[in-house]
Amino acid sequence: MNKKKKPFLGMPAPLGYVPGLGRGATGFTTRSDIGPARDANDPVDDRHAPPGKRTVGDQMKKNQAADDDDEDLNDTNYDEFNGYAGSLFSSGPYEKDDEEADAIYAALDKRMDERRKERREQREKEEIEKYRMERPKIQQQFSDLKRKLAEVTEEEWLSIPEVGDARNKRQRNPRYEKLTPVPDSFFAKHLQTGENHTSVDPRQTQFGGLNTPYPGGLNTPYPGGMTPGLMTPGTGELDMRKIGQARNTLMDMRLSQVSDSVSGQTVVDPKGYLTDLNSMIPTHGGDINDIKKARLLLKSVRETNPHHPPAWIASARLEEVTGKLQVARNLIMKGTEMCPKSEDVWLEAARLQPGDTAKAVVAQAVRHLPQSVRIYIRAAELETDIRAKKRVLRKALEHVPNSVRLWKAAVELEEPEDARIMLSRAVECCPTSVELWLALARLETYENARKVLNKARENIPTDRHIWITAAKLEEANGNTQMVEKIIDRAITSLRANGVEINREQWIQDAEECDRAGSVATCQAVMRAVIGIGIEEEDRKHTWMEDADSCVAHNALECARAIYAYALQVFPSKKSVWLRAAYFEKNHGTRESLEALLQRAVAHCPKAEVLWLMGAKSKWLAGDVPAARSILALAFQANPNSEEIWLAAVKLESENDEYERARRLLAKARSSAPTARVFMKSVKLEWVQDNIRAAQDLCEEALRHYEDFPKLWMMKGQIEEQKEMMEKAREAYNQGLKKCPHSTPLWLLLSRLEEKIGQLTRARAILEKSRLKNPKNPGLWLESVRLEYRAGLKNIANTLMAKALQECPNSGILWSEAIFLEARPQRRTKSVDALKKCEHDPHVLLAVAKLFWSQRKITKAREWFHRTVKIDSDLGDAWAFFYKFELQHGTEQEEVRKRCESAEPRHGELWCAVSKDIANWQKKIGDILRLVAGRIKNTF
């Protein structure tokens, strides 16, 4: 037993030990230690206290309010040394110098406090001990009893009864009495049996039952309670139906009284109740305190300066915003009394008032301000009848005859004939208004309009619009030769009157003439002002920018006039002719294009592209002989031009004139031998299935141009077509020795090895190609696809990560990386791709395909449009767009037409189809369909 005894038992407690302190069982404090507690609702000791001070809570509120009040600055509270009891300036702002002063005073107080610190602390300690002896805590009073608890045994402790509720069951669990209303059948039964007892149960009478001091049960001491309707005369029977109706009527009245509103109405419309609540919600977004401050501030402004109109307007609008429309109306009407000469106050009052009242307000405003145009216009707006509007405006014109705004408003309401009469009077009253003169000219006949415009020029010699209108008038009446003279005279006259010719304004006027259909006026204005204010060396650049701007504004005649003027100034500039030709190609007719190109080749005979455009235009129109004649003229001007030779060959081969094409190519090889001429010769024989002749030509070409990679590609592809894989591999290897930086050659050799099952060799070829051509996205992409086709997706992902490290801005790699990811991660990858290559067409196409795969049709279409707009030469984008529209839209024909006009030449899928020998004569539309047919929705 002794071994199990704890070592600290029986030992004295250490110094400062408090039993139970470690587990939180400290002494407790009761209300007797700190004084008696009083509830807030307890009455105070003063029996005769006034209302509002009769409970403890009221006294506490009063004391708290007294503490919150401002300091007492009475003379009785003043001391000569300490001053007032509180701080005299406590309500003022607390600034930096106040903070410094407080720090100094605090330091002084601390220094003074340290002098008698020990003596004061000793005195305080003695006072606390004395107080504790006089009023000991409950804890100290019971300390001896708590020490005796150590002697209590476990049995005695367990025998102490639990503290319970000594009340009886009924007091502990009060049950409310259930009162059941007596049915009508009860009264009917007792009436029939002749019983007059009305007491049902003594308990019911105790709790307000049906026992009444009058015989008969339902009689009441109030007049009108006993009616002939309730008791049937002569029988003593009770009419139950009438009682039910009376009870329902009483219930309706009580419910109506319960739902009574503040205004005294006793009916609430349940349907419109919520709507009314919504209308009561203030529409302002500010805090209620801000509104109160604003209201107080505006009231101060009104009282300080009652003749200040903006104060009244702001006050009215504040009340309007907060939903107090009547208050706003009252305020603004008071404002009209204080500021009767303010237009704004009267207009605001008219706006706030309802219809008829607003008319009265405006009438009053007119009496105070008979010259105010805005008030007259407002008065006309308030009228609903056209005749009343006319009457108001004519009355206004009597008082203010020189107001252009009033004349315009009045003329708009009149019929054309009456309007012409009014305008003739209007230009007399307002001779400097250009709008009125021009409006009158439009309504007059040709001869009268000329007279009106001449008068207008005399009255307003500095306005250009009158001259331009005169030119448009002459053009509309067939006098086109006068248009140029009028515009030239306009420039001269305006300069003579000191008007600066603003080139931009005149160009805008010309664009407006273009939109109005006045072509001659538009061109005349352009010719007159296009050269004003431009340095000689900047003319070409500025004019081309002006032409582009006009095209962007859809002012095509203006652009045509600019190009015509530029070609007069620069007849030998090939770039200007080209810009003009492309403009006519896109926005003009075939005839206008051919006429322009005829002039162009006459001025620039050495510009091959102009000859070729002319020939192509004729060929597209089906006029092959004219195209041949243009190319013949081009040969004379450019005897050994490769472009013209090849264009002639293409013209003949496209029209199935293969023998003529062969003769042309043979002549070209002898007179102008180039690698492209040889390549076209090989291709012509190849597509004609003359394989032997094609191979011989290819060998001859490679002897002259062994560094031209396309010849090596064609040689290898011909061998591949003949199933001669070894010879094809040899051709590609020889080509790579001569052209090690040709990416297509590396790809062809790799795909050849993959085709015959040599995957390891294909992988080695691509690694070698990447070493010789670092940072080449096309080679990295082929490496990734090789592994993916082999089913090694992990290796493909690793290679893609390396590729993106080496070529972080390659759009074609990012577009492939998006679809290498699992479906949930593709969106994140597309966001990363767009951050790196925001304007890359391959990335945009990949995002469009991603939306397509998620069935987000509208977004996919939007991204397809964006892709073909950024790069219209990417054939793959057109093919995917066409396939998308075939499946989900109706715009496939529009996409096909846009693709044919764009004539795309690039794209992986596009080139695979367009450069296939079997499709060499296919048109753009046919190739588009073929490529779209090859696309599978596997993404």
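K.L.:
I'd like to hear about the overall build of the protein, residue by residue, with values.
P.N.:
Tallying secondary structure elements over the protein gives 51 helices and 2 strands in all. Taking as baseline every contact in the protein between residues at least 6 positions apart, the subset at least 24 positions apart corresponds to 49%. Carbon and sulfur atoms form 52% of the exposed surface of the protein, whose accessible area is close to 60,400 Å².

K.L.:
Run through helix 38 (residues 709–721), naming residues and quoting values.
P.N.:
In this model helix 38 runs 18 Å from its N-terminal to its C-terminal C-alpha over 13 residues, within 8% of the 18 Å that 1.5 Å per residue would give. Within helix 38, the full set of buried residues consists of Leu 711, Trp 712, Met 713, Met 714, Lys 715, Gly 716, Ile 718, Glu 719 and Glu 720. Its buried side turned inward, helix 38 meets helix 36 (675–687), helix 37 (691–704), helix 39 (725–738) and helix 40 (743–755). Just downstream of helix 38, Glu 723 is the residue with a positive phi angle, here 65°.

K.L.:
Just give me the short version of the packing of aromatic side chains, but keep the residues and values in it.
P.N.:
All chains considered together, the criterion is met by 9 aromatic pairs. Between Phe 864 and Phe 881, the aromatic rings sit 5.4 Å apart at their centres with planes inclined by 10°, giving stacked as the arrangement. With Phe 864 in helix 47 (residues 857–870) and Phe 881 in helix 48 (residues 875–888), the pair connects residues that are 17 residues apart, well separated along the chain. As far as the burial class goes, Phe 864 and Phe 881 line up, both buried. Of the aromatic side chains, those joined through ring pairs into one cluster are Trp 852, Phe 864, Phe 881 and Phe 884. Positioned above the aromatic ring of Trp 863, the side-chain terminus of Arg 866 is 4.3 Å from the ring centre.

K.L.:
Describe in detail the environment of Ala 833, supporting the description with residues and values.
P.N.:
With respect to the helices, strands and loops of the structure, Ala 833 is situated in helix 45 (residues 823–836). When the C-alpha positions of Ala 833 and Val 843 are compared, they lie 6.7 Å apart, and in sequence the two are 10 residues distant. In this structure, Ala 833 is in contact with Trp 814, Ile 818 and Val 843, ignoring residues within four places of it in sequence.

K.L.:
With reference to specific residues and values, describe the nonpolar core.
P.N.:
Residues Trp 506, Met 526, Val 529, Trp 543 and Leu 610 are the most contacted members of the largest nonpolar core, which totals 79 residues. Within the second largest apolar cluster, 47 residues are counted, among which are Ile 818, Val 847, Val 895 and Cys 899.

K.L.:
Describe the confidence of the model for the protein, and please don't skip the residues or the numbers.
P.N.:
Here the protein averages 77 in pLDDT, while 78% of its residues score no lower than 70. For the stretch residues 273–283, pLDDT sits under 50, and the model shows 3 contacts to residues farther than four places along the chain or on other chains.

K.L.:
Break down a nonpolar patch on the surface for me, with residues and values.
P.N.:
A grouping of Leu 149, Val 152, Trp 157, Leu 158 and Ile 160 is seen on the molecular surface, where their side chains present a nonpolar patch of about 530 Å² in accessible area. Its location among the elements puts Leu 158 in helix 7 (residues 154–158). With relative accessibility at 65%, the residue Leu 158 sits in the exposed group.

K.L.:
Tell me about the side chain of Thr 322, and name the residues and values.
P.N.:
The topology assignment puts Thr 322 in the loop between helix 14 (309–321) and helix 15 (325–338). Among the polar contacts made by the side chain of Thr 322, one reaches the main-chain carbonyl oxygen of Leu 318 at a distance of 3.1 Å. Looking at Thr 322, its side chain comes within polar contact range of the main-chain oxygen of Glu 319, at 3.0 Å.

K.L.:
A description of the packing of helix 36 against helix 38 should follow, citing residues and the corresponding values.
P.N.:
One can describe the packing of helix 36 onto helix 38 by two numbers: an axis separation of 10 Å at closest approach and a directional angle of 15°. The orientation of helix 36 relative to helix 38 falls into the category roughly parallel. Where helix 36 crosses over helix 38, the handedness of that crossing is left-handed. In contact with Met 679, Val 682, Lys 683 and Trp 686 of helix 36, helix 38 contributes Lys 710, Leu 711, Met 714, Gln 717, Ile 718 and Gln 721. Here the residues of the contact of helix 36 with helix 38 sort into 6 nonpolar, 2 polar and 2 charged.

K.L.:
Give a description of the pattern of salt bridges that names residues and reports values.
P.N.:
Across all of its chains, the model carries 35 salt bridges by this definition. Overlapping salt bridges bring together Arg 317, Glu 320, Glu 348 and Arg 351 as one network.

K.L.:
Can you break down a positive patch on the surface residue by residue, with the values?
P.N.:
Side chains of Lys 650, Lys 680, Lys 683, Lys 710, Arg 905, Lys 915 and Lys 923 sit close together on the surface and give a patch of like positive charge. As for its placement among the helices and strands, Lys 683 is situated in helix 36.

K.L.:
Break down helix 17 (residues 355–368) for me, citing the residues and quoting the values.
P.N.:
Since one α-helical turn is 3.6 residues long, residues separated by three or four positions face the same way. With 14 residues, helix 17 should cover 20 Å at 1.5 Å per step; its first-to-last C-alpha distance of 20 Å lies within 8% of that length. Burial in helix 17 covers these residues: Ala 358, Val 361, Val 362 and Ala 365. End-on view of helix 17: buried residues confined to an arc of 100°, all on one side of the axis. Helix 17 presents Asp 356 and Arg 367 as exposed residues on the side facing more than 90 degrees away from its buried surface.

K.L.:
Explain the side chain of Glu 584 to me, using residue names and the numbers behind them.
P.N.:
Checked against the element boundaries, Glu 584 lands in helix 30 (residues 574–587). According to the relative accessible area criterion, Glu 584 is buried, its value standing at 8%. Those residues in contact with Glu 584 that sit more than four places away from it in its chain are Arg 560, Thr 589, Ser 592, Leu 593 and Leu 596.

K.L.:
Can you tell me about unusual backbone geometry, naming the residues and giving the values?
P.N.:
Both trends apply: most residues other than glycine have a negative phi, and most peptide bonds are in trans. Of note in this structure, Lys 775 is not a glycine but carries a positive phi near 55°. Here Lys 775 is to be found in the loop between helix 41 (759–772) and helix 42 (777–789). Notably, Glu 903 is not glycine yet its phi reads approximately 50°, a positive angle. Its location among the elements puts Glu 903 in the loop between helix 49 (892–902) and helix 50 (908–914). Looking at Glu 903, the relative accessible area reads 26%, which means it is partly exposed.

K.L.:
Any chance you could break down the environment of Ala 666 for me, citing the residues and the numbers?
P.N.:
Checked against the element boundaries, Ala 666 lands in helix 35 (residues 658–671). C-alpha of Ala 666 to C-alpha of Val 677: the two residues are 11 residues apart in sequence and 9.1 Å apart in space.

K.L.:
Break down the state of the cysteines for me, with residues and values.
P.N.:
Within the structure shown, the criterion is met by 0 disulfides. Not part of a disulfide, Cys 513 finds its nearest cysteine sulfur in Cys 522, a span of 6.8 Å. For Cys 513, a relative accessible area of 2% translates into the label buried.

K.L.:
So what's going on with a negative patch on the surface? Which residues, and what values?
P.N.:
Together, Glu 95, Asp 97, Asp 98, Glu 99, Glu 100 and Asp 102 line one region of the surface with negative charge. Tracing the sequence through the fold places Glu 99 in helix 3 (residues 96–115).

K.L.:
Hey, could you go over the packing of helix 16 (residues 343–352) against helix 17 for me, with residue numbers and the actual values?
P.N.:
At a minimum axis distance of 8 Å, the contact between helix 16 and helix 17 shows a crossing angle of 165°. By the criterion of interaxial angle, the relationship of helix 16 to helix 17 is roughly antiparallel. Taken as a pair, helix 16 and helix 17 cross one another with a handedness that is left-handed. On helix 17, the residues that touch Trp 346, Ala 349 and Ala 350 of helix 16 are Ala 358, Val 361, Val 362, Gln 364, Ala 365 and His 368. Tallied by class, the residues present in the contact of helix 16 with helix 17 amount to 7 nonpolar, 2 polar and no charged.

K.L.:
Describe the environment of His 842, with residues and values.
P.N.:
Examined against the element boundaries, His 842 turns out to sit in helix 46 (residues 841–853). On a C-alpha basis, the gap between His 842 and Leu 874 in space is 8.8 Å, while along the polypeptide they are 32 residues apart. With near-sequence residues (within four places) excluded, His 842 lies in contact with Gly 811, Ile 812, Ser 815 and Leu 874.

Here is what the cut-offs are and how they apply
Residues numbered from 1 in each chain as written. Predicted model: local features only at pLDDT ≥ 70, side-chain atom pairs only at ≥ 80, totals over all residues. Heavy atoms only, no water. Helix = DSSP H or I, 4+ residues; strand = E, 2+ residues; numbered from the N terminus. Contact = heavy atoms within 4.5 Å. Areas by Shrake-Rupley, 256 points an atom, 1.4 Å probe, with all protein chains shown as cover. Expected span 1.5 Å × (residues − 1). Buried < 20%, exposed > 50% of the residue type's maximum accessible area, 1.4 Å probe, protein only. Phe/Tyr/Trp six-rings, centres within 6.5 Å; stacked < 30°, edge-to-face > 60°. Lys NZ or Arg CZ within 6 Å of the ring centre and 35° of its normal. Core = buried A, V, L, I, M, F, W, Y, C linked by side-chain atoms within 4.5 Å. pLDDT = per-residue confidence, 0-100. Patch = residues over 30% accessible without salt bridge, like charges linked within 9 Å, V, L, I, M, F, W, Y side chains within 5 Å. Salt bridge = Lys/Arg side-chain N within 4 Å of Asp/Glu carboxyl O. Polar contact = N/O pair within 3.5 Å; in protein donor to acceptor, adjacent residues only side chain to side chain. Axes fitted to C-alpha atoms, helices over the stretch in contact; angles between N-to-C directions. Parallel < 35°, antiparallel > 145°, perpendicular 65-115°, else oblique. Left-handed = near helix turned anticlockwise from the far one by under 90°. Nonpolar A, V, L, I, M, F, W, Y, C, P; charged D, E, K, R; others polar. Lys, Arg positive; Asp, Glu negative; His and termini not counted. Charge placed at Lys NZ, Arg CZ, Asp CG, Glu CD. Arc of directions from axis to C-beta. Disulfide = S-S within 2.5 Å.

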